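# Analysis of the macromolecular model
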Amino acid sequence: MREEAEGPARDALTEQFPEAAEQLSRYVEILRTRGLEWGLMGPREGDRMWSRHIANSLALLDVVPLGLSVADVGSGAGLPGIPLAVARPDLEVTLIEPLLRRANFLGMAVEELGLNDRVRIVRGRAEEISGRYDVVTCRAVAPLERLVRWTHRLFVPGGVLVALKGESAEDEISVAGKILRSLGLSAEVLELRAARGVEATRAIRVSPSPAAG
Ligand SMILES: C[S@@+](CC[C@H](N)C(=O)[O-])C[C@H]1O[C@@H](n2cnc3c(N)ncnc32)[C@H](O)[C@@H]1O
């Protein structure tokens, strides 16, 4: 394990979020050990826990206002939902995940990190569950058009969807144009960075269209 390569990102993030540093380190350890053993993280991911997975997740903090309810759809091993919950004790976070093994992993991680009082796990597909959230987050789950179709009942009206995305963001917005318009939503691309010196990421934020107001 080339943990040393992770040093600068880990240092930048733990300096930026000192109160979350210990819990984030414990979560990274859970991902590096049981996350790999349970087959939820690929073998190469061990070298980019801080520099990619934690950095990308925490980049969303800037777009999540204080004291809200957040649903992380397709949470997998807890990304981005667990780092967000750790760094922001004001948030109520629901991790939505259909697969049993992943939901069990989430339960174990939430328990070990002592987050049970405000992190809930819902086993199911986003389009089949009920609930209403101020912010829905997603990473690496589906193209935007499908995400909007699956999740709009969870955040419309009034809430937002923030989906971490790469270079395809603009194309995904074009493809999703019809469903966005039909729901009175608009989408924008954001460039986000959790701390100086760590990798930046891109996200699409979907919110009520001003024209629909
Ligand atoms: C590639 S993984 C990404 C996991 C995590 N978000 C990450 O960034 O590491 C995609 C996850 O989405 C989940 N998923 C797929 N379809 C879904 C749906 N309709 N509703 C909720 N989750 C879904 C899968 O079970 C899987 O855990």
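Residues numbered from 1 in each chain as written. Predicted model: local features only at pLDDT ≥ 70, side-chain atom pairs only at ≥ 80, totals over all residues. Heavy atoms only, no water.

### Re the overall build of the chain
Under the convention used in this document: Comment: elements are numbered from the N terminus, with helices defined as DSSP H or I runs of at least four residues and strands as E runs of at least two. We take the radius of gyration over the C-alpha atoms and set the globule estimate at 2.2 Å times the residue count to the 0.38 power. Exposed residues in this analysis have more than 50% of their type's maximum accessible area, buried residues have under 20%, and partly exposed residues fall in between, with area computed by a 1.4 Å probe over protein chains only. Contacts are assigned to residue pairs with any non-hydrogen atoms lying within 4.5 Å of each other. To measure how exposed things are, a 1.4 Å probe is used in the Shrake-Rupley method; for residues, cover is taken only from the protein chains shown.
The helix and strand tally for the chain stands at eight helices and seven strands. The C-alpha atoms of the chain give a radius of gyration of 16 Å, which matches the 17 Å a tight globule of 213 residues would have. Taken over the C-alpha atoms alone, the chain extends approximately 50 × 35 × 30 Å along its principal axes. Looking at the chain residue by residue over its 213 residues, the buried ones come to 54%. Of the contacts formed within the chain by residues at least 6 apart in sequence, a portion of 68% connects residues at least 24 apart. On the chain, roughly 10000 Å² of surface is accessible, and the fraction owed to carbon and sulfur atoms is 48%.

### What to know about helix α6 (residues 144-155)
Test applied: Residue count minus one, scaled by 1.5 Å, sets the expected span of a helix.
The end-to-end C-alpha distance of α6 is 14 Å, clearly below the 16 Å that twelve residues give at a rise of 1.5 Å each. Within α6, the full set of buried residues consists of L144, L147, V148, W150, T151, H152, L154 and F155.

### Some details on the packing of aromatic side chains
How we decide: Stacked, tilted and edge-to-face are the three classes assigned to paired rings of Phe, Tyr and Trp, where Trp is represented by its six-membered ring and a pair needs centres within 6.5 Å; plane angles under 30 degrees give stacked, over 60 edge-to-face, the rest tilted. Note on criteria: charge over ring means Lys NZ or Arg CZ within 6 Å of the ring centre, with the direction from the centre no more than 35 degrees off the ring normal.
Overall, the coordinates contain one aromatic pair when judged by the stated rule. Geometrically, the ring pair formed by W38 and F105 is edge-to-face, given 5.4 Å between the ring centres and 75° between the ring planes. Here W38, found in the loop between α2 (21-37) and α3 (49-59), pairs with F105, found in helix α5 (residues 100-112); they are 67 residues apart in sequence, far enough to count as distant. The lysine or arginine in question, R125, covers the ring of W150, its NZ or CZ lying 5.7 Å from the ring centre.

### Comments concerning the pairing of strand β7 (residues 201-208)
What counts here: Only when DSSP finds a minimum of two bridges between them are two strands counted as paired.
β7 sits mainly inside the fold: six of its eight residues count as buried. Here strand β5 (residues 160-165) runs beside β7; their pairing, made up of five bridges, is antiparallel. If you follow L161 over to β7, its bridge partner there is V206. For strand β6 (residues 185-192) and β7, the ladder comprises eight bridges, and the chain directions are antiparallel. Note on β7: the bridge partner recorded for S186 is S207.

### Digging into the side chain of T14
Where we set the bar: Between N or O atoms, a polar contact is any pair within 3.5 Å; within protein, one atom must be a potential hydrogen donor and the other a potential acceptor, and residues adjacent in sequence are included only when both atoms are from side chains.
Mapped onto the elements of the fold, T14 is located in helix α1 (residues 7-16). At 2.8 Å, the side chain of T14 and the backbone oxygen of R10 are in polar contact. Engagement of the side chain of T14 in a polar contact is seen with the backbone oxygen of D11, the distance being 3.3 Å. Discounting chain neighbours no more than four positions away, the residues touching T14 are A21 and W50.

### Let's talk about the sheet that holds β7
Convention followed: Fitted lines through C-alpha atoms serve as axes, helices being fitted only where they are in contact, and the angles separating the N-to-C directions of these axes extend from 0 to 180 degrees.
Sheet architecture is open: seven strands sit in the order β3-β2-β1-β4-β5-β7-β6, paired in mixed fashion. Strands at the two margins of the open sheet, each flanked by one partner only, are β3 (119-122) and β6. Pairs of neighbouring strands in the sheet enclose a mean axial angle of 20°, with direction left out of account. Each of β2 (92-96) and β3 is contacted by α5, which is oriented at about 165° to β3, the strand it contacts most. Its contacts with the sheet place α6 against β1 (69-73), β2, β4 (135-139), β5, β6 and β7, and it is angled at close to 150° to β5.

### Things to note about α5
The end-to-end C-alpha distance of α5, which contains 13 residues, comes to 18 Å, matching closely the 18 Å that a straight helix rising 1.5 Å per residue would cover. For α5, every residue scored as buried is listed here: A103, F105, L106, M108, A109 and V110. Those residues of α5 hidden inside the fold are in contact with α2, α4 (81-87), β2 and β3. In the segment just after α5, G114 is the residue with positive phi, at about 70°.

### Quick notes on the nonpolar core
One broad trend across soluble globular proteins is that nonpolar side chains are buried collectively. Here is the rule we go by: Grouping buried Ala, Val, Leu, Ile, Met, Phe, Trp, Tyr and Cys residues that are joined through side-chain atoms within 4.5 Å yields what is termed a nonpolar core.
One finds L13, F17, I54, L58, L60, I82 and V198 to be the most contacted residues of the largest nonpolar core, which totals 51 residues. Those elements giving two or more residues to this core turn out to be α1, α2, α3, α4, β2, α5, β5 and β6. Not counting residues up to four positions away in its chain, the partners in contact with L13 are W50, I54, A55, L58, A194, A195 and V198. In this structure, I96, V156, A169 and L180 belong to the second largest nonpolar core, which totals 27 residues.

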